[in-house]
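# Close look at the chain arrangement
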Amino acid sequence: MIETRPIIAIINNNALKNNLKTIKNIAHKSKIWAVIKANAYGHGIKNVFKSLEKSDGFAVLTLDEAILLRENYCKKPILLLEGFFNKQDLRLIYKYYLTIVIHNKWQLDILIKNPPQYPIEVYIKINTGLNRLGFKNENIINIINIIKKNIKISNVTLMTHFINASKNSNLVLKQLLYMKKIIHNYTFFRSFANSAAILWHPQTHYDWVRPGIILYGASPTGNWRDISKKKIKPVMTLKSRIISIQKIYPGEIVGYNCEYYTYKKRKIGIVACGYADGYPKNISNNTPVLVEGIRTTILGNIFMDMLIVDLCKIPSAKVGSQVELWGNNIKIDEIAKSANTISYELMCSLSKRVPRIIK
Ligand SMILES: *Cc1c(COP(=O)(O)O)cnc(C)c1O
């Protein structure tokens, strides 16, 4: 990519390594699936997977993501979080030695009709209340026996996903009890915990944990405050520069449809970052932004390729001034909240046209 516009996403691999280390310390008895689905939450699988080499495996969604890892000489276990979507997938799954999730009877039927030639590793997803994927109210032991009888298996791991694993959630316990009830006294490997459960529910850690958002340095709850003391660092900094300055006078307008209207004399800056870059269009008033290291706010609505910042309190601001849209100073959680969404969505929506620069 030719970098002409000043907008860039800096991917701080030291922060990534730091976050993995923090997770290892917290879940010190568990192995770690580094969740790098959705192109590593927008950071770029190729940019991050080497910094995550101290994880025990990678969890992805698509075959493309798994194959990309294998083609880059990744020899670690790779977990396909939703298993396969049709029977053709199995050939590649076997070819690339991927670990699959079985969440539904239709997958079981296909698997048995198209068995692997070598013992594969299987995750059985249990629906303990989220009601999205997984077996529920079924005889899980029976399902496992069917698999074991019909195909070569190296390991069975039971997997579930939590509805809400924030600090004060009582649903985690409920889901754990449900799990206990259906697996009786059998001992299987278990993988239950996402980021929130890793941070706040140590009794869920078991054999494998599955951190996503905290690897990238945002809070699973949407509030940075909740993780500010956990030694987690933001990985991505979205930066740009001011490309124009305007002085506007009382009564003048800013933006299409008179979206912003000024009552006093103002100095405003036009920043090279818009919703086509993945910055959220619908933000509330007073959304923070950093210009020359000073916090200020965004004015009016976001354009496709630009946005406007208030420079009243930053007299030194000029064309070329550095702007941080999110990163170490302006937490992505703040922007997500202001846009009525979550950091996950902002990370995943960062557009292809924003160059990722690895630091
Ligand atoms: C995405 C995903 C995770 C990671 O969730 P975070 O909240 O980002 O930690 C874990 N498990 C499954 C099944 C997922 O789909």
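Residues numbered from 1 in each chain as written. Predicted model: local features only at pLDDT ≥ 70, side-chain atom pairs only at ≥ 80, totals over all residues. Heavy atoms only, no water.

Enumeration over the complete set of coordinates arrives at 11 aromatic pairs. Between the aromatic rings of tyrosine 186 and phenylalanine 188, the centroid separation amounts to 5.9 Å while the plane-to-plane angle is 15°, which identifies the pairing as stacked. Looking at tyrosine 186, the relative accessible area reads 43%, which means it is partly exposed. An angle of 20° between the planes, with centres 6.1 Å apart, marks the rings of tyrosine 279 and tryptophan 326 as stacked. Of this pair, tyrosine 279 sits in the loop between β13 (266–271) and β14 (288–291) while tryptophan 326 sits in strand β17 (residues 322–326), placing them 47 residues apart in sequence. By the burial criterion, tyrosine 279 is buried, and tryptophan 326 matches it. An aromatic cluster is present here, built from Trp33, Tyr123 and Trp208 joined pairwise through their rings. Over the face of the ring belonging to tyrosine 206 we find arginine 190, whose NZ or CZ atom lies 4.9 Å from the ring centre. (Phe/Tyr/Trp six-rings, centres within 6.5 Å; stacked < 30°, edge-to-face > 60°. Buried < 20%, exposed > 50% of the residue type's maximum accessible area, 1.4 Å probe, protein only. Helix = DSSP H or I, 4+ residues; strand = E, 2+ residues; numbered from the N terminus. Lys NZ or Arg CZ within 6 Å of the ring centre and 35° of its normal.)

Attention now moves to the layout of surface pockets. Approximately 650 Å³ is the volume attributed to the largest pocket. Lining the largest pocket are 29 residues, with Lys37, Arg132, His161, Asn194 and Tyr344 sitting closest to its centre. At the level of elements, α2 (37–41), α9 (195–200) and α12 (343–349) are the ones that each hand at least two residues to the lining of the largest pocket. Here the lining of the largest pocket gets 3 residues from one element, more than from any other, and that element is α2. Domain assignment of the residues forming the lining of the largest pocket places at least three in each of domain 1 (13–218) and domain 2 (236–358). (1 Å grid on protein atoms, 1.4 Å probe; cavity = no way out; pocket = protein on both sides within 12 Å on 5 of 7 lines; lining within 4 Å. Points joined across faces, edges and corners; volume = space filled by probe spheres on them. Domains from an automatic or database assignment.)

Where interface size is given, it is often the accessible area lost as the parts come together that is meant. With domains assigned, the protein is organised as domain 1 (13–218) and domain 2 (236–358). Taking only C-alpha atoms into account, the centre of domain 1 sits 37 Å from that of domain 2. Opposite the 9 residues of domain 1 that make contact, domain 2 presents 9 residues. Surface buried jointly by domain 1 and domain 2 totals about 880 Å² across both partners, of which 66% is contributed by carbon and sulfur atoms. Connecting domain 1 to domain 2 are 1 residue pair in polar contact (both at pLDDT 80 or more). Going through the elements one at a time, α2 and α10 (213–216) are the ones with two or more residues in the side of domain 1 that touches domain 2. By residue class, the composition of the side of domain 1 that touches domain 2 is 5 nonpolar, 4 polar and no charged. (Contact = heavy atoms within 4.5 Å. Buried area = accessible area lost by both parts, 1.4 Å probe. Polar contact = N/O pair within 3.5 Å; in protein donor to acceptor, adjacent residues only side chain to side chain. Nonpolar A, V, L, I, M, F, W, Y, C, P; charged D, E, K, R; others polar.)

Okay, the site of the ligand next. Around the ligand, 13 residues are found, and the nearest of them are Lys37, Tyr41, Ser195, Ile213 and Tyr344. Within the side chain of lysine 37, an N or O atom sits 2.6 Å from an oxygen atom of the ligand. Take tyrosine 344: an N or O atom from its side chain is 2.7 Å from an oxygen atom of the ligand. Protein coverage of the free-state accessible area of the ligand, which is 390 Å², stands at 91%. Here the ligand is seated within the largest pocket. A breakdown of the residues in the shell around the ligand according to their chemical character gives 7 nonpolar, 4 polar and 2 charged. (Near = heavy atom within 4 Å. Areas by Shrake-Rupley, 256 points an atom, 1.4 Å probe, with all protein chains shown as cover. Sits in = over half its atoms within 2 Å of the grid points.)

By size, the foremost hydrophobic cluster in this structure holds 115 residues, and its most contacted members are Ile36, Ile124 and Tyr279. Split by domain, this core shows at least three residues from each of two domains, domain 1 (13–218) and domain 2 (236–358). When near neighbours in sequence (up to four residues on either side) are disregarded, tyrosine 279 contacts Cys273, Gly274, Thr287, Pro288, Ile298, Ile302, Leu307, Leu325, Trp326 and Ile335. Listed in part, the 7 residues of the second largest apolar core include Ile248, Ile268, Ile270 and Phe303. (Core = buried A, V, L, I, M, F, W, Y, C linked by side-chain atoms within 4.5 Å.)

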